[in-house]
Structures are given as C-alpha cells and as structure tokens.
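So you can see what is in the structure, the chains are spelled out below.
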Amino acid sequence: MNLLNYTLRIADSSLISAQRLSEWCSKGPTLEEDIALSNISLDLFGQANGFLEYASEIDGSKSADDFAFKRNEREFYNLKITEQENGHFGDTIARLFFCSAFNFLFYTELSKSKDETLSALAAKSLKEVKYHLKHSKSWMIRLGDGTEESKLKIQESLNSIWQFTGEFFEMDKIDIEISDSGIGVNNTSLKEEWNKIVNDTLDQAKLTRPEDMYMQTGSKKGLHTECLGHLLSEMQYLPRAYPDAKW
Amino acid sequence: MQNGNTNKIWELLNTVPDPEIPAISVVELGVIRNVIFQENSFIISITPTYSGCPAVKAFQDDIKICLKENGIENFELKIVYSPAWTTDWMAEETKEKLRKYGISPPSEKAICPQCNSKSTTLVSEFGATACKSFHKCNDCLEPFEHFKCI
C-alpha cells in the first residue's frame, strides 16, 4: 500500500508538470521554445505513464488511465510547485529549473533503488531530466544576465515560486519507511546538492537567492493550491464526460 | 510459422521502418531488445527511445501488422525499461543511413550531413522529435537535424 502511494507521488508530479507545460504548445515565445517546452512536456508524460503503469500493477485493479483520469484533487500527491500556473515565460522557466534540478538529483538516487522497476524507470527518466535541467538553467542565466527588464522579471518569478521549493525535501512516514527499506530516496539528503546547483546558477545569472521564508506544504496528504482543480477539470474532461470512450 | 524460429522474426522486424525516420528499421534503431520463443509464443521485448516518444505506439502497431501479414499470430509485445535505450547501440552502418537521409548521426559534435563540415551552430536544443536537436552549417549554410546522444 505504501509502495503504491510512493509510486503515485512520483507519477503525479510528472503528470501534472507535463499537463501544465503542455499549455505552452502553440503559445511559446519563439518557435524553438514552443517545441522545446512541448518536448519536455512529452518526456514528462512518458515518465508519468511508466510510473502509473507500475502503480496499476501494484494496485491490481485500476489501470494507469483510471489513476490519471478518475481521481479527484484530494487523491493527487504531486508536489504543489508542479501545479502552479505557467504565468509568463520567466515564471515557467523558474519553476522548470527548480523542478529539473530536484528531479535530476532524485532520479540519480532512485536509479539505485532495490525495486527493479523503480530503478529502471528512474534511470530512463534521468537521461531526459538532465537535458531539461541544462535547458532551463541556460534560460535562467540568459534571463538573469540579460536586459534590465528580463532580470527584474525572472527575479520576481523566483521570489514568488520559492515558497514551493521546501516540499522537495520533506519526508513523511511513508517516505521514511520506503527509503529505509532501500527502495525510496532520502529527500532531505538531496538538499545540499540542490542548493549547490541553484546557488551556482543564480551566481552565473547574477540573481539573488530569496531569503528563507514560510514554505508551502501538504501535497503528500493530498492538499493542494486552487490551481490543481482547474488543471484537472481540463485534463479529465473527456474521460469524465464520455466514460466508455476508447482511443 | 509455429516452430519457434526467432531468426525469422528478427528478419521480419528488420523490415519495419521507424515511423519518424523511415530510412532505418526498428531493429537498427535498437528498440527491439530481445525475441524469445516461450510456451508456443514469441515474446518481443521493446524499449522506448524517449519515455514519451509517440512513435513507440506507432511502431508497435506496425510490428503487429507486419507479423500478422506474414502469418504469425502467436506473439506478444512487451515493454522493458532496463537497460535504458542509448544511441551507443546504433551501428556505424545505421549512422551512415541516417547521414544519407539528411540527419546528422549521434556524435558529440553535430557534423553537417550535407557537406561534412564540423563548423556548425546549435539553433535549438529541441528538434521536431524528442530524439533530435536543430543545427545549421556555417559552411554550406544548410539547416539540419542532429540525432542527440543519450
């Protein structure tokens, strides 16, 4: 049961990030960036699918699609940062950068999991998120060390998303149990490396690291910001309206 | 074709083109990991190139059609994730096919497939498909796609 919950947490963060990023499709600031964000979204959908298929296998009765389309807001365990609205391009880049830096470290550790499926999915995802990190990091630097206006905007973006970065490193009972059994990751141990990546990037981007502040929490219990409900209403519309529809 | 000849299956699979890059087959792409005959059925293990690559679904359908057209009904497609797909599995011969098709094959530095120049510029880290980036040649000025190394 706990392994199912643990797998859903990973799957949900990928799925919700993917759905959110896909909103950029056809609306990117340039053609290249439109394609880049859509490609990253596609990678994340694929990763979500792998983890949801595994969740379905553990569960034994629900399908991957059931998990994606037939759960309500309170039954989703994605990190709150992943559901935040796209805002302007800088807002999206700041969110993508923080998430990619975390995903990179998380999958590096998860690829050593004793659980063969989780380690295989992690090793696969790792190759992709490395590229996402490279891309979002280069934009952080370009925007931060760019014009006066781009610098101002990206600094505001990172100040406002910062409160959602604390959840990356939380450990609740399930995390501790799964991590102690050699299957899951000790999120707290990733903080130092994450700080290093973030500080190094912000230095290069000539941006200021926000001061420590109140950090949002709750997603591990299914508590979310209002953004998630709106996202799900669009993502789940078709299977909810036509429950027996087949691809 | 019920006698468990896996070589014949490999031969047939080698005729199924990659849906996005028809110049090479799914076998040459390296996504067919294994074919075994077990309990009167061929088990074909497939690994995705990128997690979200839409071609994976497309070539599974193409494989089913190809095998059925050749009278093979007793098979099963299985998705495997480990080891993760890598461009290192691509043979030199396959890379040459890509180059002739106009795609710069996987290598550290993108080389122009038209004039072989090493002086090229990255235009976009993401191309028309997840597996390619977009470049331009500084010598012949042609734009081209490069198969990313992963």
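A short tour of the structure in this document, coming up.

Definitions and limits used
- Residues numbered from 1 in each chain as written.
- Chains lettered and ligands numbered in written order.
- Predicted model: local features only at pLDDT ≥ 70, side-chain atom pairs only at ≥ 80, totals over all residues.
- Heavy atoms only, no water.
- Helix = DSSP H or I, 4+ residues; strand = E, 2+ residues; numbered from the N terminus.
- Contact = heavy atoms within 4.5 Å.
- Buried area = accessible area lost by both parts, 1.4 Å probe.
- Salt bridge = Lys/Arg side-chain N within 4 Å of Asp/Glu carboxyl O.
- Polar contact = N/O pair within 3.5 Å; in protein donor to acceptor, adjacent residues only side chain to side chain.
- Nonpolar A, V, L, I, M, F, W, Y, C, P; charged D, E, K, R; others polar.
- Phe/Tyr/Trp six-rings, centres within 6.5 Å; stacked < 30°, edge-to-face > 60°.
- Buried < 20%, exposed > 50% of the residue type's maximum accessible area, 1.4 Å probe, protein only.
- Lys NZ or Arg CZ within 6 Å of the ring centre and 35° of its normal.

**Observations concerning the environment of phenylalanine 42 of chain B**
Here phenylalanine 42 of chain B is to be found in strand 2 (residues 41-46). Remark: the alpha-carbon pair of phenylalanine 42 of chain B and asparagine 138 of chain B, spanning 96 residues in sequence, is separated by 49 Å.

**Side note on the interface of chain A and chain B**
Of the residues lining the interface, 18 residues belong to chain A; the matching set on chain B comes to 21 residues. Between chain A and chain B, roughly 1,700 Å² of surface is buried when both sides are summed, and carbon and sulfur atoms account for 62% of that area. The interface formed by chain A and chain B includes zero salt bridges. Where chain A meets chain B, there are eight residue pairs in polar contact (both at pLDDT 80 or more). Sorting the residues of the side of chain A that touches chain B by element identifies helix 2 (31-59) and helix 6 (116-144) of chain A as the ones contributing at least two each. Counting residues per element, the side of chain A that touches chain B draws most heavily on helix 2 of chain A, at 10 residues. Split by residue class, the side of chain A that touches chain B holds seven nonpolar, five polar and six charged.

**Some details on the packing of aromatic side chains**
Scanning the model with the defined rule gives 17 aromatic pairs over all chains in all. Ring geometry for tryptophan 24 of chain A and phenylalanine 89 of chain A: centres 6.1 Å apart, planes at 90°, overall edge-to-face. With a gap of 65 residues between them, tryptophan 24 of chain A in the loop between helix 1 (2-22) and helix 2 and phenylalanine 89 of chain A in helix 5 (residues 89-110) connect regions that are remote in the sequence. A ring pair is formed by phenylalanine 98 of chain A and tryptophan 162 of chain A, whose centres lie 5.5 Å apart and whose planes are at 70°; its orientation type is edge-to-face. Of the two residues, phenylalanine 98 of chain A is situated in helix 5 and tryptophan 162 of chain A in the loop between helix 7 (148-161) and helix 8 (173-180); the sequence distance between them amounts to 64 residues. Taken as a pair, phenylalanine 98 of chain A and tryptophan 162 of chain A share a single burial class, namely buried. The rings of Phe51, Phe97, Phe98, Phe102, Phe106, Tyr107, Trp162, Phe168, Phe169 and Trp194 of chain A are connected pair by pair, giving a single aromatic cluster. One cation-aromatic arrangement involves arginine 142 of chain A over tryptophan 139 of chain A; the distance from NZ or CZ to the ring centre is 4.1 Å. Above the plane of the ring of tryptophan 89 of chain B lies arginine 33 of chain B, whose end atom (NZ or CZ) is 3.5 Å from the centre.

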